[in-house]
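So the chains spell out like this:
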Amino acid sequence: MLKNLREYLASVFQRDPAARSVFELLTVYPGVHALAFHRLSHRLWCWRLRWLARWLALAARWLTGIEIHPGAKIGRRFFIDHGMGVVIGETAEIGDDCTLYHGVTLGGTTWRQGKRHPTLGNNVVVGAGAKILGPIMVGDNARVGSNSVVVKDVPAGATIVGIPGRVIGPRKQDTKSQLREAMAKKLGFEAYGQSPEMPDPVAQAIDLMLDHMHVVDNKMKILSSALEKAGIKVNLEMPQLDVSNLEEPPPDSYPQRDTPKENS
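Notes on the structure in this doc start here.

### A short note on the overall build of the protein chain
Inference 1: When you go through the protein chain residue by residue, the secondary structure sums to six helices and 15 strands.
Inference 2: Within the protein chain, contacts between residues separated by at least 24 positions form 36% of all contacts whose residues are at least 6 apart in sequence.
Inference 3: Carbon and sulfur atoms form 58% of the exposed surface of the protein chain, whose accessible area is close to 17200 Å².

In structure tokens, the structure reads:
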């Protein structure tokens, strides 16, 4: 038991840089307290002392702000950071080395008996405010973004964001993406303003606009070449975008409105 406690505290130090000492972990960390209460209440639940187990879980909720049903199965080195508002249902199953942040719900979507709460694999991280609902499986090493709502199975190693949760991944570095980057540089602005590993609907819309602009640019070059062959000189090159015009002007440049005079 002492060996398991040392192993658990060492895992908390690895995941929380704010932790300074073992005494601090044992005295002021509600996630640590909630897990300790759950280990005891779960044992009572398995011994069929159901009312006593539920009462102990309720006392833990009063003290920590974390509600874990005694029937939930939790693996080793499970850590709840901050913890306020975490709810874990009766048939939830959590693997080893999982991390939950405040406001996370592992909830059900039906009133029927049986398995109705999610199962988390090993080394899963669930961000603050995320909701994982139903008897779904979250694979090993998966990441669930803050405030996401997950209602479908999550493959191992995937990252989930949004409502409803969707899998995101790195952008494809194909020929079309290289043409988009070249078009963005030609216009003189950064097309995405975000990490290339985190695509979103706005970035996808920009991709479509860049594809369209690339086609228009090629057609203009063909038209310019045809006009030059006909003896007509015309410059159809696309001008560079002046990014400075997109900046917000200083407050002094706004026109001043005349204030109405008070009636004497």
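Text resumes after the structure shown.
### Let's talk about the sheet that holds strand 4 (residues 87-88)
Inference 1: Here five strands make up an open sheet; going across it, the order is 1-4-7-10-13 and the pairing parallel. Two strands close off the open sheet at either side, each with one partner strand: strand 1 (67-68) and strand 13 (149-150).
Inference 2: In this structure, strand 1 lies alongside strand 4, joined through two bridges in parallel fashion. When the bridges of strand 4 are listed, E67 appears paired with V87.

### Observations regarding the sheet that holds strand 8 (residues 119-120)
Inference 1: Pairing is parallel in the open sheet, where four strands are placed in the order 2-5-8-11. With partners counted over all chains shown, the strands left at the sheet margins are strand 2 (73-74) and strand 11 (137-138), one partner each.
Inference 2: With two bridges joining them, strand 5 (residues 93-94) and strand 8 adopt parallel strand pairing. Bridging from a neighbouring strand, I94 pairs with L120 of strand 8.

### Notes on empty space enclosed by the protein
Inference 1: In total, this model carries one cavity of 30 Å³ or more according to the counting rule given.
Inference 2: If you add up the space inside the largest cavity, you get close to 50 Å³.
Inference 3: If you trace the largest cavity, you find it lined by A34, F37, H38, S41, L56, A57, A60, I66 and I68.
Inference 4: Broken down by element, the lining of the largest cavity gets its largest block of residues, four residues, from helix 3 (residues 30-46).
Inference 5: Its residues assigned to classes, the lining of the largest cavity comprises seven nonpolar, two polar and no charged.

### Remarks on unusual backbone geometry
Inference 1: For the bond running from I163 to P164, omega is -10°, close enough to zero to count as cis.
Inference 2: Phi is positive for R48, which is not a glycine, with a value near 65°.
Inference 3: One can find R48 in the loop between helix 3 and helix 4 (50-64).
Inference 4: For R48, a relative accessible area of 65% translates into the label exposed.
Inference 5: Although it is not a glycine, H82 adopts a positive phi angle of roughly 65°.
Inference 6: Along the chain, H82 turns up in the loop between strand 3 (79-80) and strand 4.
Inference 7: H82 gets classed as exposed once you look at its relative accessible area, which sits at 55%.

### Brief notes about helix 1 (residues 2-15)
Inference 1: For helix 1, which comprises 14 residues, the first-to-last C-alpha distance of 20 Å matches the rise-based estimate of 20 Å (1.5 Å per residue) to within 8%.
Inference 2: Buried within helix 1 are the following residues: Y8, L9, S11 and V12. Buried residues along helix 1 cover an arc of 155° about the axis, so they all sit on one side. Opposite the buried face of helix 1, at more than 90 degrees from it, the exposed residues are L2, K3, R6 and Q14.
Inference 3: Buried residues belonging to helix 1 abut helix 2 (22-28), helix 3 and strand 3.

So, how was this worked out
Residues numbered from 1 in each chain as written. Predicted model: local features only at pLDDT ≥ 70, side-chain atom pairs only at ≥ 80, totals over all residues. Heavy atoms only, no water. Helix = DSSP H or I, 4+ residues; strand = E, 2+ residues; numbered from the N terminus. Contact = heavy atoms within 4.5 Å. Areas by Shrake-Rupley, 256 points an atom, 1.4 Å probe, with all protein chains shown as cover. Pairing = 2+ DSSP bridges. 1 Å grid on protein atoms, 1.4 Å probe; cavity = no way out; pocket = protein on both sides within 12 Å on 5 of 7 lines; lining within 4 Å. Points joined across faces, edges and corners; volume = space filled by probe spheres on them. Nonpolar A, V, L, I, M, F, W, Y, C, P; charged D, E, K, R; others polar. Buried < 20%, exposed > 50% of the residue type's maximum accessible area, 1.4 Å probe, protein only. Expected span 1.5 Å × (residues − 1). Arc of directions from axis to C-beta.

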